[in-house]
Amino acid sequence: MIEIEKISKWYGDFRVLTDCTTSVEKGEVVVVCGPSGSGKSTLIKCVNGLEPVQEGRISVEGQEVTAKSTNLTKLRSRIGMVFQHFELYPHMSVLENLCLAQEKVLKRSRDEAVSRAEELIERVGLSEHLTKFPSQLSGGQQQRVAIARSLAMDPIAMLFDEPTSALDPEMINEVLDVMVGLAKDGMTMMVVTHEMGFARKVADRVIFMDEGAIVEDRETQAFFSNPESDRAKDFLSKILNH
Amino acid sequence: MDYNWNWGVLFEEEYLGWLISGFWWTIAVALCAWCIAIVVGSLVGIGRTVPNRFIRAISGTYVELFRNVPLLVQMFIWYFAVPELVPDDWGRWMKRDMPNPEFTTAVIALALYTASRVAEQVRAGIETVPEGLNAAAKAHGLSVAQTYRHILLPISFRLIVPPLTSEFLTVFKNSSLALTIGLLELTAQSQQIAEYTFQGFEAFTAATVIYVCIALVATVISQSLERYTAIPGFVGKEA
């Protein structure tokens, strides 16, 4: 469903992505990991065109993200994205956060949008918080709202950019539980995360990046039991020993 | 100091009438200029932040031009120079037939000058909105216009209520420059009272008190606006 072919990206003279090639099938869960600064976040931001690439091509369900003729706005509305810092609209209640893009982009009626919002907010277990503002919620609750907000667009795939990195440890699980539920329901997901427990549990494949390049791209089991590269071995030994 | 205080002069019918009339002209000039300045300033401020480079350049030029020339000079240019620079017909109309030329000119000069300052506040407000919110709006498929309408502007206008309050007060004070092109607003009327009665202290004290009262009322209005628009837990203290 998501095809990434030989993409490269530069910030000025600095090369942040080097010849990255991978793909995500429908219903597949792919975890992207690697040391900080390795280009993981940049890679998934390229998938919905939030970051432009200078070389290579990306397509989502046959539609080219990198082509000039593509209606990016429309394409983005079909790909959900969850950010490290939630990025809920602070001046809107939880309900309005969930309804805005449904009404303005998908042109759903108010009633439709509200009932979809209520359904999803129940799914993430926050029904009683519908009228609150984001700043009145904990980090974990905010991130669950953000996930519900993306789901409200009925996306064909979801991108997660370090969804638990900004959370207190005791809130990480409530967010991961929601994500595990999504994965089990067959959502196509691309997840940048350091949560190796999550990766082991639900990922079909793990992509390991270092210095802007994809170093390993393998089945989850194979990646954890028998990483090929020294970089991946080193990385795993560092984060799994705690 | 050998000075004959006579506060009563302020309450003599003729002079009191002058003060009241000056007060209303000050209010009228300031409010008209402010309304125009908010609209023009918002557009220019937004223009400075949009992706389109051409619009950004025009907006930037506007701000630099109107912000950097002294307001007094701008008043003179609008009043004395512009009628000579435009085509003859227009110039004749501006000099002969334009209704209330001092008032109109003062409003335009004050409005366009203030707009350049409002524009900078609006720009600063928009740039203060965290970049991630922009990315989130984009990621949900909102267009640039929708992002401005529903995310950037509602947040940034709340953020800039306090600095805009200062700007609002400044409009009233700056409106006193309109006396230089012959508009009989509050300062001009006080000056006139001083010239007629030689009671300059009383006359300008009256003007001072009236300006302070206007400012206090404006401040109270702005503060309640600030409370009313506050985002719970996001900007400033919770009400």
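For the structure itself, consult the block above.
This structure is a prediction, so every number in the text was calculated from the model and none was measured.

A.B. asks: Could you give an account of the interface of chain A and chain B, with specific residues and numbers?
C.D. replies: Contacts between the two partners involve 25 residues from chain A and, on the opposite side, 21 residues from chain B. Summed over both sides, the interface between chain A and chain B buries roughly 1900 Å², with carbon and sulfur atoms accounting for 68% of that surface. When the area that chain A buries against chain B is broken down by residue, the three leading residues are Tyr89(A), Pro90(A) and His91(A), summing to 29%. Run the count over chain A and chain B and you get zero salt bridges. On inspection of chain A and its partner chain B, the count reaches four residue pairs in polar contact (both at pLDDT 80 or more). Looking at the side of chain A that touches chain B, the element that brings in the most residues is helix 3 (residues 94–104) of chain A, giving three residues. Considered class by class, the residues forming the side of chain A that touches chain B number 13 nonpolar, seven polar and five charged.

A.B. asks: Break down the packing of aromatic side chains for me, citing the residues and quoting the values.
C.D. replies: Residues and elements named next belong to chain B. The tally for this structure, following the rule as stated, stands at 16 aromatic pairs over all chains. Considering the side-chain rings of Trp5 and Trp7, the 5.7 Å spacing of their centres and the 15° angle between planes classify their relative orientation as stacked. Note on Trp5: relative accessible area 47%, which makes it partly exposed. With a centroid separation of 5.5 Å and 45° between ring planes, the pair formed by Trp5 and Phe201 is classed as tilted. A residue pair is termed long-range when its members are at least 10 positions apart, and Trp5 in the segment before helix 1 (13–47) and Phe201 in helix 10 (residues 200–229) qualify at 196 residues.

A.B. asks: Could you give me a rundown of the sheet that holds strand 9 (residues 205–210) of chain A, with the residues and numbers involved?
C.D. replies: Residues and elements named next belong to chain A. Here six strands make up an open sheet; going across it, the order is 6-7-8-3-9-10 and the pairing mixed. Because the sheet does not close on itself, it has two edges, and the strands there are strand 6 (79–82) and strand 10 (213–219). Across the sheet, the mean angle separating the axes of adjacent strands is 15° when strand polarity is ignored. Strand direction decides the pairing type here: strand 7 (residues 157–161) and strand 8 (residues 189–192), joined by four bridges, are parallel.

Thresholds, definitions, all that
Residues numbered from 1 in each chain as written. Chains lettered and ligands numbered in written order. Predicted model: local features only at pLDDT ≥ 70, side-chain atom pairs only at ≥ 80, totals over all residues. Heavy atoms only, no water. Contact = heavy atoms within 4.5 Å. Buried area = accessible area lost by both parts, 1.4 Å probe. Salt bridge = Lys/Arg side-chain N within 4 Å of Asp/Glu carboxyl O. Polar contact = N/O pair within 3.5 Å; in protein donor to acceptor, adjacent residues only side chain to side chain. Helix = DSSP H or I, 4+ residues; strand = E, 2+ residues; numbered from the N terminus. Nonpolar A, V, L, I, M, F, W, Y, C, P; charged D, E, K, R; others polar. Phe/Tyr/Trp six-rings, centres within 6.5 Å; stacked < 30°, edge-to-face > 60°. Buried < 20%, exposed > 50% of the residue type's maximum accessible area, 1.4 Å probe, protein only. Pairing = 2+ DSSP bridges. Axes fitted to C-alpha atoms, helices over the stretch in contact; angles between N-to-C directions.

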